[in-house]
Amino acid sequence: FYKIAYSSHLHGMGKIKYEYDRIGMNARIDTIQAAILLEKLKIFKSELLKRDEIAKYYIEKFLSLKTNIRLPKILKNTNSSWAQFTIQLPLNFNREKFQSLMKEKNIPTAIYYPIPIHSQVPYKNFPISPDNLINTLELSNRVISLPMHPYLSKTNVDYISNTVDEIIRSLI
């Protein structure tokens, strides 16, 4: 029973990260985390503004470099909290090699949810679109997230952006 309850509070996660055995929820906040988050509410708006500035600078930088990636787009009249800054690598690109080379340059990257939800065990029998969600499948193999937090400096973003550009040019 403990294993099922523990799994359920982590979105239903199984033994392997990003693989889910059951439908679950995110119920991991404890009292100390709640106390810290209450204090962080005081700077929440300013941190969102800083994240937005950093995201805009990333986009400006990548556009100036003409890097062969797809950048995140925010719909008109909307905002993003920029929890991640996720880019799309070129088609048929070796994402694992890219991630390894970024790590060699001391730049962390993340691949969030590499297995699409419709491919997870608890959802396999749910109906999906007739095209089998081909865009979702493609993107799950192409997206990667770069460092993003409100305290990244322009110097950090320059280093990250230039490194991404150099690695992509070297692997194409």
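Relevant structure appears above.
The following paragraphs examine the structure supplied in this document. A quick note: this is a predicted structure, and the numbers were derived from the prediction, not measured.

A few words on unusual backbone geometry. Its identity is not glycine, yet N77 carries a phi of approximately 65°, on the positive side. Locating N77 in the fold gives a position in the loop between α3 (44–65) and β1 (85–88). Judged by its relative accessible area of 76%, N77 falls in the exposed class. One non-glycine residue, N106, lies in positive phi territory at about 60°.

With that settled, the discussion passes to the layout of surface pockets. Considering only enclosed or pocket space, the largest pocket measures out at about 210 Å³ in volume. Contributing to the lining of the largest pocket are K3, I4, Y6, S7, L10, M13, G14, K15, D21 and R22. Here the lining of the largest pocket is composed, by residue class, of four nonpolar, two polar and four charged.

Between two packed helices, both the angle of their axes relative to each other and the distance between the axes serve to describe the pair. As a packed pair, α3 and helix α6 (residues 154–171) sit with axes 10 Å apart at the nearest point and diverge in direction by 40°. Seen from above, α3 lies across α6 with right-handed handedness. Residues I54, Y57, Y58, K61, F62 and L65 of α3 lie in contact with α6, whose contacting residues are K154, V157, D158, I160, S161, N162, V164, D165 and R169. Residue composition of the contact of α3 with α6, grouped by class: eight nonpolar, two polar and five charged.

Under the criterion given, the structure shown has six salt bridges. A salt bridge links K61 to D158; its shortest N-O distance comes to 3.8 Å. Of this pair, K61 sits in helix α3 while D158 sits in helix α6, and the two are 97 residues apart along the sequence. Classification of D158 by relative accessible area gives partly exposed; the value is 22%. Its salt-bridge partner being D165, residue R169 comes within 2.9 Å of it at the nearest N-O pair. Of this pair, R169 and D165 both sit in helix α6, separated by four residues, roughly a single helical turn. Using a relative accessible area of 49% as the deciding quantity, one classes R169 as partly exposed.

To continue, consider the packing of aromatic side chains. Counted by the stated rule, this structure contains six aromatic pairs. Chaining the aromatic ring pairs together yields one cluster made of Y58, F62, W82 and F85.

Y58, F85, I87, F98, L146 and V164 are the most contacted members of the largest nonpolar core, which has 26 residues in total. Among the elements of the structure, α3, β1, α4 (95–104), β2 (143–146) and α6 are those that each provide at least two residues to this core. Leave out the neighbours within four places in its chain, and Y58 touches F85, L146, P147, M148, L152, V157, I160 and S161.

Right, let's get into the side chain of S161. Tracing the sequence through the fold places S161 in helix α6. When near neighbours in sequence (up to four residues on either side) are disregarded, S161 contacts Y58, K61, F62 and L65.

The next subject is a nonpolar patch on the surface. Among the surface-exposed residues, L38, L41 and F44 lie close enough to one another that they form a single nonpolar patch of about 330 Å² accessible area. Relative to the helices and strands, L41 resides in the loop between α2 (31–40) and α3. Residue L41 is classed as exposed on the basis of its relative accessible area, which comes to 54%.

About the criteria used
- Residues numbered from 1 in each chain as written.
- Predicted model: local features only at pLDDT ≥ 70, side-chain atom pairs only at ≥ 80, totals over all residues.
- Heavy atoms only, no water.
- Helix = DSSP H or I, 4+ residues; strand = E, 2+ residues; numbered from the N terminus.
- Buried < 20%, exposed > 50% of the residue type's maximum accessible area, 1.4 Å probe, protein only.
- 1 Å grid on protein atoms, 1.4 Å probe; cavity = no way out; pocket = protein on both sides within 12 Å on 5 of 7 lines; lining within 4 Å.
- Points joined across faces, edges and corners; volume = space filled by probe spheres on them.
- Nonpolar A, V, L, I, M, F, W, Y, C, P; charged D, E, K, R; others polar.
- Axes fitted to C-alpha atoms, helices over the stretch in contact; angles between N-to-C directions.
- Left-handed = near helix turned anticlockwise from the far one by under 90°.
- Contact = heavy atoms within 4.5 Å.
- Salt bridge = Lys/Arg side-chain N within 4 Å of Asp/Glu carboxyl O.
- Phe/Tyr/Trp six-rings, centres within 6.5 Å; stacked < 30°, edge-to-face > 60°.
- Core = buried A, V, L, I, M, F, W, Y, C linked by side-chain atoms within 4.5 Å.
- Patch = residues over 30% accessible without salt bridge, like charges linked within 9 Å, V, L, I, M, F, W, Y side chains within 5 Å.
- Areas by Shrake-Rupley, 256 points an atom, 1.4 Å probe, with all protein chains shown as cover.

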